[in-house]
Structures are given as C-alpha cells and as structure tokens.
Amino acid sequence: MNKPVSPTSSLSLKLPTANGGLETYRLAASRTFPAKLEGALNRVAFSAAHVVADPRADVDPWLTAAIDWDKTIAFREHVWDLGLGVAEAMDTAQRGMGLDWATSLELTQRSVKAATARGNALVFSGAGTDHLAVEDAKSIDDVIRAYEEQVAAVEKAGGRIILMASRALAKLGKGAEDYARVYDRVLSQVREPVIIHWLGDMFDPALSGYWGTADLDRAMDTAVAIVNANAAKVDGVKVSLLDKQREIDMRRRLDPRVKMYTGDDFNYAELIAGDDKGFSHALLGIFDAIAPAASYALSRLAAGDAAGFHDVLGPTVPLSRHIFKAPTRFYKTGIVFMAYLNGHQDHFTMVGGQESARSTLHLAELFRLADQAGLLADPELATQRMQAILTTRGIDA
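Residues numbered from 1 in each chain as written. Predicted model: local features only at pLDDT ≥ 70, side-chain atom pairs only at ≥ 80, totals over all residues. Heavy atoms only, no water.

### Things to note about the packing of aromatic side chains
Step number 1: According to the stated counting rule, one finds 17 aromatic pairs in the structure shown.
Step number 2: Measuring from centroid to centroid gives 5.2 Å for Tyr-210 and Trp-211, while their planes differ by 75°, and the two rings are edge-to-face. Assigned by exposure class, Tyr-210 and Trp-211 land together as buried.
Step number 3: These aromatic residues form a ring-pair network of at least three members: Tyr-147, Tyr-179, Tyr-183, Trp-198, Tyr-210 and Trp-211.
Step number 4: Its guanidinium or amino end placed over the ring of Phe-279, Arg-43 lies 3.5 Å from that ring's centre, counting from NZ or CZ. (Phe/Tyr/Trp six-rings, centres within 6.5 Å; stacked < 30°, edge-to-face > 60°. Buried < 20%, exposed > 50% of the residue type's maximum accessible area, 1.4 Å probe, protein only. Lys NZ or Arg CZ within 6 Å of the ring centre and 35° of its normal.)

Have a look at this one:
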C-alpha cells in the first residue's frame, strides 16, 4: 500500500533557493496511504489538530479569530478515520497565538459533539489558565481558580482534559511547593484522569522556568513527584522538550499506571518504537500534517512489522524537524501549509495572520521534504498550490 506508484514523476516547478536563485524541482515518486485505519494499533496516538480560518470573515485577524467550523470539524473527522485521537484546543490550534479561551471552548464543544456522534471517538481537550491575563494574576489562588474554571467548562461539555501549562503559574510559582499546591488541588477535582502537558519554552518563551526552576533536572524531579503522587488522576504526561533522553529518563520514572506521550517532534519515531524498557505513546502536532502516514506506520508496528514502521515514519522526520525548527512556536504555519497543500482547506490563511510567520524559502523547503517523504496526497494539486503561493509572494517563474 505504501510503495511508490511510479519510479519518477513528470511534475516539476521552479522553487527559490538560498542563494536568491531558482531551481527546477522535479517531484519524487509518490506514495499512497490508506484513508482509513487498517488493522489495530498498540499505541495510543493523538494528533494535536489545527483550526481552519474563515478567510471571508470581516474581522481584524490579529485581534479576532474567525473559524471555518465545517472545515475545522471535517479535518477532525479525517483524523478519527485514521484511528488517531484528537488533542483539541492545544497550541497546534494556535491557543495563545490567535485562539482565545472563548473560541477554544466553542472548538472543544463542537469537537466533543462530533466525537460523540461517531460513537465516542477519542478526543481530549486543553484546559489551562489563558483567560487570566498574566499581568492580572496576583496569587497562586488566582491560578487555581482559573484552572478550575476551564476544567469545569470542558467537563461540562463532556470532554476529557489535557491540563495545559500555565503562563500565570510560570510567573508566580516560586518553587516546587507552589506547583504541587496547584496541581494537587486541580487534580483532586477532575472527573476522569487527565493528560498533563509539559510544554518547553522553545514552544512558548513565557513558560521558561516551569516547575519552579530553570534547571531541567530539578524541574523533572518536581514534575515526576507531582505526577506519581496523583497517579490515579493522571492518564499520562506529554513532554514537549525536544530532548529524547530527558523523555526516556522521565518515562522510566513514572508510576506504571501513567503513560508517556511523546511530544518530541524531532525524535518521535524512535521514541514510539521504544526499547527493551518501554515506549512512548504519541501526542504530536506533526501528526496533523502526516496523519495518513502516521496511522499506517503505527498499524505496521502493531502488526509486528518494525521495518515497515520505520520505512514509513522515518522519512517524515526531516520534514518535522524543518517545520519545528527555531523559532519553534511558528511551527503552526507549516502545519497549516501542509493542510493547504493536501486539500484539507482551500486557502493558506491563518487566525492571527500567522501565515506570514515563515519565509517563502521555508515553505519551499517544506514542499521538497513533504514530497520526498511521500506525503503529498495529490502531487498535482500540491504543485499547483505551491506555485500559487510563490506567485502571491512575488516569485513567478
């Protein structure tokens, strides 16, 4: 199913190069992947999902998020068809970078409703403190109340919780005791076990020093202690530090009841495959862009075909490292560009105007890497759309 359909491609276009010139790029042999999951999975795998902006809305994009709800939910249906879960209203949906709490809650409500209609498809949704402006947060009690408000709202919608990192807590928390106080209190009240998200400051600079220290070894000590003390209330931990060894070290220290969900968009293939001491499940932004390949690779792994798993997922890693390169917080631009290339939306417009956050050279290299990994679902359409973007940006061969 995943083998090249032809040894070469007749498609080509001129792409910009780093020296200011243009080169003729001929597309590689395409690959095809099933549109729906075939077989079973032995890893729990979530795609953090993007939102589709409404380009027709009369709003100021930097100030107001306008969402095309039909296209946004349709993309989640695509993810569920592939046997993946949806991690909703997270940073991949531009939470805190164009998507406010009110819109995030509506997104959660709509997504949970759609999941329920499918027979309870897998969806967990982000609950944090982002409706509390950091400058308005004066005490740890303010942080606790903000978490409680969002947790209650997501649970009222019928949702499961991903407990997001808090910018307000990063500002106010002075040490391990403050973090333990917040997490112990919030976790004591949740209806069902949650996923705790440790988001590194490469994704959000405002989270620098999370867990009360800039020392990552001490931060991990604090995080592990809090999680293990509340293991009955924690489904798993998503670690987004882009540090393979730290994730492995933390995975080995967790209570056996607690899953490790890799959030490492640089090293996910080997972390999911695991070693003789364990493996990571997945909760990844890159799975939004590579969902068909991810689903098929995971099905091969579950079938005992490790070589097939690496054959499919391995070539996606260079693309992911490019999309998530520093400044990492702008990775959402690449995720949405992939959705545009692959026909999941008809435009390259983002909430917050974030389509401008990456250069034309960056997008051109993304196109090359996506093609080389066999990730362009319809290479002819993708080529037409890449050319349209180049023309819009003043590069018209």
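### As for the pairing of strand 4 (residues 85-88)
Step number 1: Going residue by residue along strand 4, you find Gly-85 and Ala-87 tucked away on one face and Val-86 and Glu-88 tucked away on the opposite face as well.
Step number 2: As paired strands, strand 3 (residues 45-48) and strand 4 are joined by three bridges and run parallel to one another. The partner of Ala-48 across the bridge, within strand 4, is Ala-87.
Step number 3: On the question of chirality, the crossover connecting strand 3 to the parallel strand 4 by way of helix 1 (residues 69-81) is right-handed.
Step number 4: Two elements, strand 4 and strand 5 (residues 123-127), share three bridges in a ladder whose sense is parallel. Bridging across to strand 5, Glu-88 finds its partner in Ser-125. (Helix = DSSP H or I, 4+ residues; strand = E, 2+ residues; numbered from the N terminus. Pairing = 2+ DSSP bridges. Right-handed = clockwise from strand over helix to strand, strands pointing away.)

### Comments concerning the sheet that holds strand 5
Step number 1: Reading around the circumference, 3-4-5-6-7-8-9-10 is the order of the eight strands in this closed barrel, with parallel pairing throughout. Across this sheet, the average inter-strand angle for adjacent strands is 25°, counted without regard to direction.
Step number 2: Contacts from helix 3 (residues 140-156) reach strand 5 and strand 6 (160-163), with the element oriented near 155° to strand 5.
Step number 3: Contacting strand 7 (194-199), strand 8 (234-240) and strand 9 (259-262), helix 7 (residues 244-253) runs over the sheet at an angle of about 165° to strand 9. (Axes fitted to C-alpha atoms, helices over the stretch in contact; angles between N-to-C directions. Contact = heavy atoms within 4.5 Å.)

### Comments concerning the pattern of salt bridges
Step number 1: The full count for this structure, using the stated rule, is 24 salt bridges.
Step number 2: Between Arg-118 and Glu-77 there is a salt bridge, with the nearest N and O atoms lying 2.5 Å from each other. Taken together, the residues Arg-118 in the loop between helix 2 (101-117) and strand 5 and Glu-77 in helix 1 connect sequence positions 41 residues apart.
Step number 3: Note that Asp-217 and Arg-246 form a salt bridge whose closest N and O atoms lie 2.8 Å from each other. In this pair, Asp-217 sits in helix 6 (residues 216-229) while Arg-246 sits in helix 7, placing the two residues 29 residues apart along the sequence.
Step number 4: According to the relative accessible area criterion, Asp-217 is partly exposed, its value standing at 48%.
Step number 5: Ionic contacts of the salt-bridge type, sharing partners, join the residues Glu-23, Glu-365 and Arg-368 into one network. (Salt bridge = Lys/Arg side-chain N within 4 Å of Asp/Glu carboxyl O.)

### Some thoughts on the side chain of His-50
Step number 1: Here His-50 is to be found in the loop between strand 3 and helix 1.
Step number 2: Residue His-50 is classed as buried on the basis of its relative accessible area, which comes to 1%.
Step number 3: Within the structure, His-50 has its side chain in polar contact with the side chain of Gln-345 (distance 2.9 Å).
Step number 4: Non-local contacts of His-50, meaning those with residues more than four positions away in its chain, are made with Thr-72, Phe-75, Arg-76, Thr-92, Ala-93, Asp-288, Ile-335, Val-336, Ala-339 and Gln-345. (Polar contact = N/O pair within 3.5 Å; in protein donor to acceptor, adjacent residues only side chain to side chain.)

### With respect to the environment of His-362
Step number 1: Within the secondary structure, His-362 sits in helix 14 (residues 360-372).
Step number 2: For His-362, a relative accessible area of 6% gives the class buried.
Step number 3: Apart from the residues within four sequence positions on either side, His-362 is in contact with His-322, Ile-323 and Lys-325.

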